[in-house]
Amino acid sequence: MRFQLTARTGHPDFLDLPWNRPLVDWTDERLVEVARGLHRHVVRFVNLAGTVYALKELRPRLAEREYRLLRHLAEESLPVVDVVGVVSGRATARGEPLDAILMTRHLPYALPYRALFARARMPDVRRHLLDALAGLLVRLHLAGFFWGDCSLSNSLFRRDAGALAAYLVDAETAELHYQLTNGQRLHDLEIAQHNIAGELLDVQAELGLDVGLDPLATSEELAERYAGLWSELTREETFAPDERYRVDARLRRLNELGFDVEEVQLVSVDGGYQLRLSPRVVEPGHHRRRLLSMTGLDVQENQARRLLNDLAHYRAQRQDEEGPLPDPVIAYRWMTEVFERAIAQVPSDLRGKREPAELFHELLEHKYLRSQAAGRDIGLVEATRSYVEKVLRYHPDERGVFAD
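Reading the values: the criteria
- Residues numbered from 1 in each chain as written.
- Predicted model: local features only at pLDDT ≥ 70, side-chain atom pairs only at ≥ 80, totals over all residues.
- Heavy atoms only, no water.
- Helix = DSSP H or I, 4+ residues; strand = E, 2+ residues; numbered from the N terminus.
- Rg over C-alpha atoms; globule rule 2.2 N^0.38 Å.
- Buried < 20%, exposed > 50% of the residue type's maximum accessible area, 1.4 Å probe, protein only.
- Pairing = 2+ DSSP bridges.
- Axes fitted to C-alpha atoms, helices over the stretch in contact; angles between N-to-C directions.
- Contact = heavy atoms within 4.5 Å.
- Salt bridge = Lys/Arg side-chain N within 4 Å of Asp/Glu carboxyl O.
- Core = buried A, V, L, I, M, F, W, Y, C linked by side-chain atoms within 4.5 Å.
- Expected span 1.5 Å × (residues − 1).
- Arc of directions from axis to C-beta.
- Phe/Tyr/Trp six-rings, centres within 6.5 Å; stacked < 30°, edge-to-face > 60°.
- Parallel < 35°, antiparallel > 145°, perpendicular 65-115°, else oblique.
- Left-handed = near helix turned anticlockwise from the far one by under 90°.
- Nonpolar A, V, L, I, M, F, W, Y, C, P; charged D, E, K, R; others polar.
- Bend = angle between axes of the 7 residues up to and from the residue.

Novice: Explanation requested: the overall build of the protein chain in the structure shown.
Specialist: Secondary structure assignment for the protein chain yields 11 helices and 15 strands. Expected size for 404 residues packed as a compact globule is a radius of gyration near 22 Å; at 23 Å, the protein chain falls within 12% of this value. In terms of its C-alpha atoms, the protein chain occupies a principal-axis envelope of roughly 75 × 60 × 45 Å. Out of the 404 residues belonging to the protein chain, those deemed buried represent 51%.

Novice: Got a minute to help me understand unusual backbone geometry in this structure?
Specialist: Phi is mostly negative for residues that are not glycine, and the peptide bonds are mostly trans. The backbone phi angle of Phe14 is positive, close to 65°, even though this residue is not glycine. Among the secondary structure elements, Phe14 is positioned in the loop between strand 1 (4–7) and strand 2 (31–32). In the Ramachandran plot, Tyr109 falls in the positive-phi region, its phi being about 65° despite a non-glycine side chain. Mapped onto the fold, Tyr109 is located in the loop between strand 6 (100–105) and helix 2 (113–118).

Novice: Explain the sheet that holds strand 13 (residues 265–269) to me, please; I cannot follow it from the model alone.
Specialist: If you walk across this open sheet you meet the three strands as 11-14-13, and the pairing is antiparallel. The outermost strands of the open sheet, each flanked by one partner alone, are strand 11 (237–239) and strand 13. In this sheet, neighbouring strand axes are inclined to one another by 30° on average, regardless of whether the strands run parallel or antiparallel. In the packing of helix 6 (residues 245–256) onto the sheet, the strands contacted are strand 11, strand 13 and strand 14 (272–276), and the crossing angle to strand 11 comes to about 150°.

Novice: In this structure, what is going on with the pattern of salt bridges? I would like to understand it.
Specialist: As a working rule, side chains carrying opposite charge can pair if their charged atoms are close by. If you walk through the whole model with that rule in mind, you get 28 salt bridges. A salt bridge links Asp82 to Arg105; the shortest N-O distance between them is 3.5 Å. Here the residue Asp82 occupies a position in strand 5 (residues 82–88), and Arg105 occupies one in strand 6, the gap between them amounting to 23 residues. Assessed through its relative accessible area of 22%, Asp82 is described here as partly exposed. For Arg333, the salt bridge identified is with Glu322, shortest N-O distance 2.9 Å. Of this pair, Arg333 sits in helix 9 (residues 327–345) while Glu322 sits in helix 8 (residues 301–322), and the two are 11 residues apart along the sequence. Here the residues in one salt-bridge network are Arg40, Lys56, Glu66, Asp149, Asp170 and Glu172, joined through shared partners.

Novice: It is not clear to me how the nonpolar core should be interpreted in this structure. Could you clarify?
Specialist: Ranked by internal contacts, the top residues of the largest apolar core, which has 62 residues, are Leu129, Phe145, Phe157 and Leu168. Broken down by element, this core gets its largest block of residues, 11 residues, from helix 3 (residues 125–142). For Leu129, the contacting residues outside a window of four places in its chain are Tyr113, Leu116, Phe117, Leu152, Phe157 and Leu164. Counting residues in hydrophobic clusters, the runner-up holds 28 residues, among them Ile330, Val338, Ala342 and Ile378.

Novice: Please explain helix 6 as it appears in this structure.
Specialist: Residues spaced three or four apart along an α-helix face the same direction, because each turn holds 3.6 residues. Its 12 residues place the ends of helix 6 17 Å apart at the C-alpha level, agreeing with the 16 Å of an ideal helix rising 1.5 Å per residue. Buried within helix 6 are the following residues: Val247, Arg250 and Leu254. Down the axis, helix 6 shows its buried residues gathered within 65° of arc, on one side only. Facing away from the buried side of helix 6 by over 90 degrees, the exposed positions are Tyr245, Arg252 and Glu256.

Novice: Would you mind showing me how to read the sheet that holds strand 5 here?
Specialist: Adjacent strands of a sheet form backbone hydrogen bonds with each other and so pair up, either parallel or antiparallel. In spatial order, the strands read 1-5-6-4-3-2; together these six strands make up an open sheet with antiparallel pairing. Each edge of the open sheet carries a strand with a single partner, namely strand 1 and strand 2. In terms of strand pairing, strand 1 meets strand 5 through four bridges, oriented antiparallel. The residue of strand 5 that forms the bridge with Gln4 is Ser88.

Novice: For this particular structure, what's the right way to read the packing of aromatic side chains?
Specialist: To describe a pair of aromatic rings, you give the distance between the ring centres and the angle between the ring planes. On inspection of all chains with the given rule, the structure shows seven aromatic pairs. Geometrically, the ring pair formed by Trp19 and Trp26 is edge-to-face, given 5.3 Å between the ring centres and 70° between the ring planes. Classification of Trp26 by relative accessible area gives buried; the value is 3%. Pairwise contacts between aromatic rings join Phe3, Trp19 and Trp26 into one cluster.

Novice: I'm lost on the environment of His194 in this one. Help?
Specialist: Relative to the helices and strands, His194 resides in helix 4 (residues 182–207). With 25 residues separating them along the chain, His194 and Ser219 place their C-alpha atoms 7.3 Å apart.

Novice: Please explain the packing of helix 3 against helix 5 (residues 215–234) as it appears in this structure.
Specialist: Angle between the axes and distance between the axes are the two parameters that describe a pair of packed helices. Across the interface, helix 3 lies against helix 5 with an axial gap of 9 Å and an inter-helix angle of 45°. In terms of their interaxial angle, helix 3 and helix 5 are classed as oblique. Pair helix 3 / helix 5 crosses with right-handed handedness. From helix 3, Arg126, Arg127, Leu130, Asp131, Leu133, Ala134, Gly135, Leu137, Val138, His141 and Leu142 reach across to helix 5, where they touch Thr218, Glu221, Leu222, Arg225, Tyr226, Leu229, Trp230, Leu233 and Thr234. Of the residues belonging to the contact of helix 3 with helix 5, the class tally is 11 nonpolar, four polar and five charged.

Novice: In this structure, what is going on with the environment of Gln345? I would like to understand it.
Specialist: Here Gln345 shows up in helix 9. Considering only alpha carbons, one finds Gln345 and Ala304, 41 residues apart in sequence, at a separation of 21 Å. If we skip the residues at most four places from it in the chain, Gln345 touches Leu380, Val381 and Thr384.

Novice: Looking at this structure, I do not really get helix 9. What am I missing?
Specialist: Here helix 9 spans 26 Å end to end across 19 residues, near enough to the 27 Å set by a 1.5 Å rise per residue. Met335 marks where helix 9 bends most, by close to 40°. The complete set of buried residues in helix 9 reads Ile330, Ala331, Arg333, Trp334, Met335, Val338, Phe339, Ala342 and Ile343.

Any link to function would need more than the numbers given here.
Structure representation (C-alpha cells):
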C-alpha cells in the first residue's frame, strides 16, 4: 500500500487499516455504527483497542487544512473534537489516487442533535441546544475563528449538569483570523441561522415528531442569544470612582457564564472609569480548571460548578467539626469520602449510562428533591439507592451511543 500518515502520539498506529480502498468500500470487522449527524463526505467509525475513531474522506488539501485548524482550536482549549491524524497520498492497488482521510477520536457520551430529539429524554431540548450552540459560536468568534458552516449537524452535544455542552466536529469551511470584524461575525451567524432552520424542518419531517418549536423562530432566537452573550462579554462599561465594586460584579457574571478574564483595562474618563475587556483574553473554563487543579477531575463546566458547590458544602461541614483544613486535604477527603464512594455504590452494569461527573450531578439533584419532599436531609447513601433504582436504571446507555 502507498500512503502517508501524520498522527499524534498516544493512539494506535493505524497501519493495518485498508488505506488502499475507498472508505465507502471498507469491510473491516472493526468498523462500528454510531449515532451521527449528516455529512457531505463519507464518514465511517472504527473501534481500535476500545477507542472509537471517526474517519472522514475528503480532498487532501482540505484534510490537511482541517487537521491544522482543529489542532489549533484544541491548543486554545476550545470545545472541539480530538483530531488524531490525517492519511494522504493514498492510492488503490492499481495506482489510482484516492482522497485523504481525516481521523478524529469519537467524543464519548456525545449526542448528535437528532438523538437528542428522538431518544435522549431531555426536557426543553430546544432551549439547551440554543444555549449550547450560541455559547460555542461566541467562543469561536472570540478566538478569531470564522466557522463558515455552523450547524447542528456539524456539532456534537454532551450533557453538562442538566444542560448541554456543544463541540465543533467539522471545520472544512473555517478560517482563522487574528480578530473577526463585525461583518464576519454577523455573516457567520446568518449562515448558522439558515442551516439550523433547515435542519429543524428536517427533524420534524424525518422523525414525525411534534418537537414543539418553530424552526424559523428558533433560528432567530439563536441570533438573539448570541447577541446577548457577545454583548455581555465585550461591551464597555463606565462607572463612577465610588462604584468600583461593579468591576467585580461584571467579572462574577462572566464567570457564571463559563468565562474567565485574565486581563482588564480601566480607562479614565470624565467623572469615572471605563472598563474594557478584550475578547481575545476571555476564555472559558473557570470552574473546570479549578476543579481539575483541586481534584484531578476533568469534567464539563457546569458539572465542575456543581461539584465545586458540593465540595464547598463538605468543607463547611468539616471545618465546623474539625476546624480549618488545607485545601489539598479537603479535596482529597471529598474525593474519597463523597464522590468516589457514591460512584462505587452504583452497580457496575449501570455506570455506562452516564459519565461519572454527570451521574454525580444527577444524584445530587435527586437527593435535593427527595430531601425537599421528605422535609429532611435523606443522606447520600439513601439518595444513591433511590436514584439507582428509580432513575438511572431506566436511562439509555450513552457511553457510545451506538446506532440501533
